[in-house]
Amino acid sequence: QSALTQPASVSGSPGQSITISCTGTSSDVGNYNLVSWYQQHPGKAPKLMIYEGSKRPSGVSNRFSGSKSGNTASLTISGLQTDDESDYYCCSYARGSKLVFGGGTKLTVL
Amino acid sequence: EVQLLESGGGLVQPGGSLRLSCAASGFTFFTYAMTWVRQAPGKGLEWLSVISNSGASTYYEDSVKGRFTISRDNSKNTLYLQINSLRAEDTAVYYCARGVMVSTWDAFDIWGQGTMVTVSS
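What counts, and where the lines are drawn
- In this numbering scheme, every chain counts its residues from 1 along its sequence in written order.
- The order in which chains are written sets their letters, starting at A; the order in which ligands are written sets their numbers, starting at 1.
- Totals for whole chains, interfaces and linings use all residues, but because this is a predicted model, local features are given only for residues with pLDDT of at least 70 and pairs of side-chain atoms are given and counted only at 80 or more.
- Hydrogens and water molecules were not included; the side-chain quantities draw on all heavy atoms of the structure.
- Secondary structure elements are defined from DSSP: runs of H or I of at least 4 residues count as helices, runs of E of at least 2 residues count as strands, and each element is numbered from the N terminus.
- With C-alpha atoms as the basis for the radius of gyration, the globule rule is written as 2.2 Å multiplied by the number of residues raised to the power 0.38.
- Partly exposed residues are those whose accessible area sits between 20% and 50% of the maximum for their type, while under 20% is buried and over 50% is exposed, using a 1.4 Å probe and protein chains only.
- Contact criterion: two residues are considered in contact whenever any of their non-hydrogen atoms come within 4.5 Å of each other.
- In this tally, Lys and Arg are treated as positive and Asp and Glu as negative; His is ignored, and so are the chain termini.
- A charge is said to be at NZ when it belongs to Lys, at CZ for Arg, at CG for Asp and at CD for Glu.
- In this description, the term disulfide denotes a pair of cysteine sulfurs within 2.5 Å.
- Here, any two strands with at least 2 DSSP bridges between them count as paired.
- Here an angle of 0 to 180 degrees is reported between the N-to-C directions of two axes, which are lines fitted to C-alpha atoms, with helices fitted over the stretch in contact.
- Grouping buried Ala, Val, Leu, Ile, Met, Phe, Trp, Tyr and Cys residues that are joined through side-chain atoms within 4.5 Å yields what is termed a nonpolar core.
- Here a polar contact is taken to be a pair of N or O atoms separated by no more than 3.5 Å, where protein atoms must pair a possible hydrogen donor with a possible acceptor and residues adjacent in sequence count only if both atoms sit in side chains.

A.B. asks: Teacher, can you tell me more about the overall build of chain A here?
C.D. replies: Scanning chain A from terminus to terminus reveals zero helices and nine strands. Secondary structure elements of chain A occur, N-terminal to C-terminal, as β-β-β-β-β-β-β-β-β. Against the 2.2 N^0.38 benchmark of 13 Å for 110 residues, chain A shows a C-alpha radius of gyration of 13 Å, consistent with a compact globule. Its C-alpha atoms put chain A at 40 × 25 × 25 Å along the principal axes. Considering chain A as a whole, with its 110 residues, one finds that 49% of them fall into the buried category. For chain A, restricting intrachain contacts to residue pairs at least 6 apart in sequence, the fraction spanning at least 24 positions comes to 57%. Measuring between centres, the 9 positive side-chain charges of chain A sit 7 Å from its 6 negative side-chain charges.

Printed below as a string of structure tokens:
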């Protein structure tokens with residue numbers, strides 16, 4: 001199972017919106033509406049931000065939203081804040097009851 | 001408080017074995033699927049394995065199948081990962097995590113702090 005493809009880095013200014021893409025195949029992203037997104041600050045455990053494509057766990061800001069089109073899922077963060085600066089990983093359920101992560105995207109808030 | 005606490009990491013020689021543990025507290029452990037994910041130094045997250053809430057079903061990433069074994073003891077609220085024939089490329093922080101909903105394993109909402117495994121002679 002190959003890793004999902006994410007941009008290595010994205011950046012934005014406070015208050016702006018950014019979108020992080022996550023491209024897979026018809027064996028994972030394209031075949032299941034089961035993409036999740038994780039935020040990870042340096043030296044910390046990942047934190048679930050989005051699951052089942054667009055659902056937010058309790059306590060996650062509604063500035064975070066998820067969507068999918070074909071084999072590509074996206075995470076959008078609106079109203080960027082300085083503490084959004086972090087690494088973000090997508091993850092998809094895949095054929096054979098497996099999971100696959102993306103390579104990660106470093107978000108810089110300028 | 002809902003919590004996962006990993007242990008068992010350390011320095012091990014190539015070819016050696018290790019058993020990682022993940023002690024759960026604050027929730028009904030036996031109702032949730034559990035997973036192991038690792039992160040090599042400076043690298044991204046890598047999914048390794050998942051086990052159903054009962055332990056009857058297990059799945060592995062292809063590259064670790066045959067060397068890694070996931071298991072759980074619901075009477076002790078503990079998840080395990082047995083790693084054999086350790087290689088330098090297994091050096092990583094190993095995280096355990098809980099399925100976001102009862103009996104599902106497409107996403108994980110509670111994570112441990114991680115345990116470091118270093119494979120070196």
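A.B. asks: I would appreciate a short explanation of the state of the cysteines in the present structure.
C.D. replies: Disulfides are covalent bonds that connect the sulfur atoms of two cysteines. All names here are of chain A. Counted under the stated rule, the structure contains two disulfides over all chains. Cys-22 shares a disulfide with Cys-90; S-S distance 2.1 Å. Disulfide Cys-22 to Cys-90: torsion about the S-S bond roughly 80 degrees, handedness right-handed. Of the two residues, Cys-22 sits in strand 2 (residues 18–23) while Cys-90 sits in strand 7 (residues 86–94), which places them 68 residues apart along the sequence. Like Cys-22, the residue Cys-90 is buried in the burial classification.

A.B. asks: Looking at this structure, I do not really get the sheet that holds strand 7 (residues 68–73) of chain B. What am I missing?
C.D. replies: Through backbone hydrogen bonds, the strands of a sheet pair up, either in parallel or in antiparallel fashion. All names here are of chain B. Pairing in this open sheet of four strands is antiparallel, and the strands run 1-3-8-7 from one edge to the other. Since the sheet does not close on itself, it has two edges, and those belong to strand 1 (3–7) and strand 7, each with one partner. Ignoring which end each strand starts from, the neighbouring axes of this sheet average 15 degrees apart. In this structure, strand 1 lies alongside strand 3 (residues 18–25), joined through five bridges in antiparallel fashion.

A.B. asks: Sorry, what's going on with unusual backbone geometry here?
C.D. replies: Apart from glycine, the bulk of residues carry a negative phi angle, and the bulk of peptide bonds sit in the trans form. Its identity is not glycine, yet Ser-97 of chain A carries a phi of approximately 60 degrees, on the positive side. Assessed through its relative accessible area of 16%, Ser-97 of chain A is described here as buried. Residue Ser-85 of chain B is not a glycine yet carries a positive backbone phi of 50 degrees. Looking at the secondary structure, you find Ser-85 of chain B in the loop between strand 8 (78–83) and strand 9 (92–99). A relative accessible area of 42% means that Ser-85 of chain B is categorised as partly exposed.

A.B. asks: Whenever I open this one, the nonpolar core confuses me. Can you help?
C.D. replies: Generally speaking, a soluble globular protein has its nonpolar side chains buried in company with each other. Leu-20, Trp-36, Phe-68, Leu-79, Leu-81 and Tyr-94 of chain B are the most contacted members of the largest nonpolar core, which totals 26 residues. Among residues more than four places away in sequence, those in contact with Leu-20 of chain B are Ser-7, Gly-8, Gly-9, Trp-36, Leu-79, Tyr-80, Leu-81, Ile-83, Tyr-94, Thr-115 and Val-117 of chain B. Counting 22 residues, the second largest nonpolar core, distinct from the first, contains Trp-37, Ala-73, Leu-75 and Tyr-88 of chain A.

A.B. asks: What exactly am I supposed to notice about the side chain of Glu-52 of chain A here?
C.D. replies: Along the chain, Glu-52 of chain A turns up in the loop between strand 4 (47–50) and strand 5 (64–69). Only 2.6 Å separates the side chain of Glu-52 of chain A from the side chain of Lys-55 of chain A, close enough to count as a polar contact.

These figures capture arrangement, not role.
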